[in-house]
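Okay, here's what each chain looks like letter by letter:
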Amino acid sequence: MALNAESVEAFYAGQSDPDAAAAALAASLGIENHTTDSRGGAKLDTVTNTLLFSRDAGFTLAQTLVLHDVTLALLTMASDPNMEFAAAEAAFQAALVAKVTATPTEGCFTVDDVRVVSEHFAHGYFAHFKLYGFMYSEVQAVDLQKKTVHVET
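This report concerns the structure included in the present document. Keep in mind the model is a prediction, meaning the values are calculated, not measured.

Conventions used here
Residues numbered from 1 in each chain as written. Predicted model: local features only at pLDDT ≥ 70, side-chain atom pairs only at ≥ 80, totals over all residues. Heavy atoms only, no water. Helix = DSSP H or I, 4+ residues; strand = E, 2+ residues; numbered from the N terminus. Buried < 20%, exposed > 50% of the residue type's maximum accessible area, 1.4 Å probe, protein only. Contact = heavy atoms within 4.5 Å. Lys, Arg positive; Asp, Glu negative; His and termini not counted. Charge placed at Lys NZ, Arg CZ, Asp CG, Glu CD. Axes fitted to C-alpha atoms, helices over the stretch in contact; angles between N-to-C directions. Parallel < 35°, antiparallel > 145°, perpendicular 65-115°, else oblique. Left-handed = near helix turned anticlockwise from the far one by under 90°. Nonpolar A, V, L, I, M, F, W, Y, C, P; charged D, E, K, R; others polar. Expected span 1.5 Å × (residues − 1). Core = buried A, V, L, I, M, F, W, Y, C linked by side-chain atoms within 4.5 Å. Phe/Tyr/Trp six-rings, centres within 6.5 Å; stacked < 30°, edge-to-face > 60°.

1. Describing the overall build of the chain
In terms of helices and strands, the chain carries seven helices and zero strands. When its C-alpha atoms are laid out on the principal axes, the chain stretches across 75 × 40 × 20 Å. The proportion of buried residues among the 153 residues of the chain is 36%. For the chain, restricting intrachain contacts to residue pairs at least 6 apart in sequence, the fraction spanning at least 24 positions comes to 66%. The distance from the centre of the 8 positive side-chain charges to the centre of the 19 negative ones in the chain is 5 Å.

2. Here's the deal with the packing of helix α4 (residues 61-78) against helix α5 (residues 85-97)
α5 packs onto α4 with a crossing angle of 165 degrees between their chain directions and a minimal axis gap of 11 Å. Comparing their axes, α5 and α4 come out roughly antiparallel. As α4 packs across α5, the resulting crossing turns out to be right-handed. Here L67, V70, L74 and M77 of α4 come into contact with α5, specifically with A88, A91, F92, A95 and L96. Its residues assigned to classes, the contact of α4 with α5 shows nine nonpolar, no polar and no charged.

3. A few points about α5
Here α5 is 13 residues long and its end C-alpha atoms lie 18 Å apart, about the 18 Å a rise of 1.5 Å per residue gives. For α5, the secondary structure elements touched by its buried residues are α4, α6 (111-123) and α7 (129-137).

4. Looking at the packing of helix α1 (residues 5-13) against α4
In contact at an axis separation of 10 Å, α1 and α4 are set at 100 degrees when each is read in the N-to-C sense. The orientation of α1 relative to α4 falls into the category roughly perpendicular. Facing A5, V8, E9 and Y12 of α1, the residues of α4 in contact are L61, T64 and L65. Its residues assigned to classes, the contact of α1 with α4 shows five nonpolar, one polar and one charged.

5. Description of the nonpolar core
Membership of the largest hydrophobic core comes to 23 residues, with the highest contact counts inside it found for L67, L74, F92, V117, F121, Y125 and F126. Counting residues per element, the ones that place at least two in this core are α3 (38-57), α4, α5, α6 and α7. In terms of residue count, the dominant contributor to this core is α4 (seven residues). Apart from residues lying up to four places away in sequence, F126 is in contact with L74, F85, A88, E89, F92 and F121. In this structure, L3, I31, L44 and V47 belong to the second largest nonpolar core, which totals 14 residues.

6. Overview of the side chain of T50
Tracing the backbone through its elements, the reader meets T50 in helix α3. Sequence-distant contacts of T50, defined by excluding residues within four places in its chain, comprise L67, H68, T71, H120 and F121.

7. Focus: the packing of aromatic side chains
Taken as a whole and assessed by the stated rule, the structure comprises ten aromatic pairs. Ring centres of F92 and F121 lie 5.0 Å apart, and the angle between their planes is 45 degrees; this geometry places the pair in the tilted category. Placement of F92 in helix α5 and of F121 in helix α6 is noted, with a sequence separation of 29 residues between them. Pair check on accessibility: F92 and F121 agree, each one buried. Taken together, the aromatic side chains of F85, F92, F121, Y125, F126, F129 and Y132 make up a single cluster linked through ring pairs.

8. Structural notes on α3
An ideal rise of 1.5 Å per residue puts 28 Å on 20 residues; α3 measures up with 28 Å between its terminal C-alpha atoms. Among all positions of α3, only G40, G41, A42, L44, T46, V47, T48, T50, L51, F53 and S54 are buried. Check the buried side of α3 and you find it contacts α1, α2 (18-29), α4, α6 and α7. Where α3 ends, the next residue or the one after it, G58, has phi of about 80 degrees, a positive value.

Here it is as structure tokens:
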């Protein structure tokens, strides 16, 4: 599920209570149980990281939403067990190149912006590409234990 401008602005405004902001962001993204589901939690962490990076880099809301869409596309690629690093990197580059302009326009990036974004994703997502691939494509064991406690009154 993609974010909208209101969700992003609410997330930024709610940074005084990061847990509440994360919960609201998770709800906006349709992520259930983000505190107990490792895949949902990792998705939320990755999106949060992208949003905070965008804010700190001084990107506009439209640029932030573009980067959010790129992040979701990368996470979807990670869930494909046949996805190779080179193919994911090429898709990332194509997504950014499609949004490059010589003069700043809404939702587009300059060449310098692309350098900053590329460095961020190189040190984040792509540095951990195999980890994301394993996490999203491998079946995860769940150990569920049920305990009944009887209390006399």
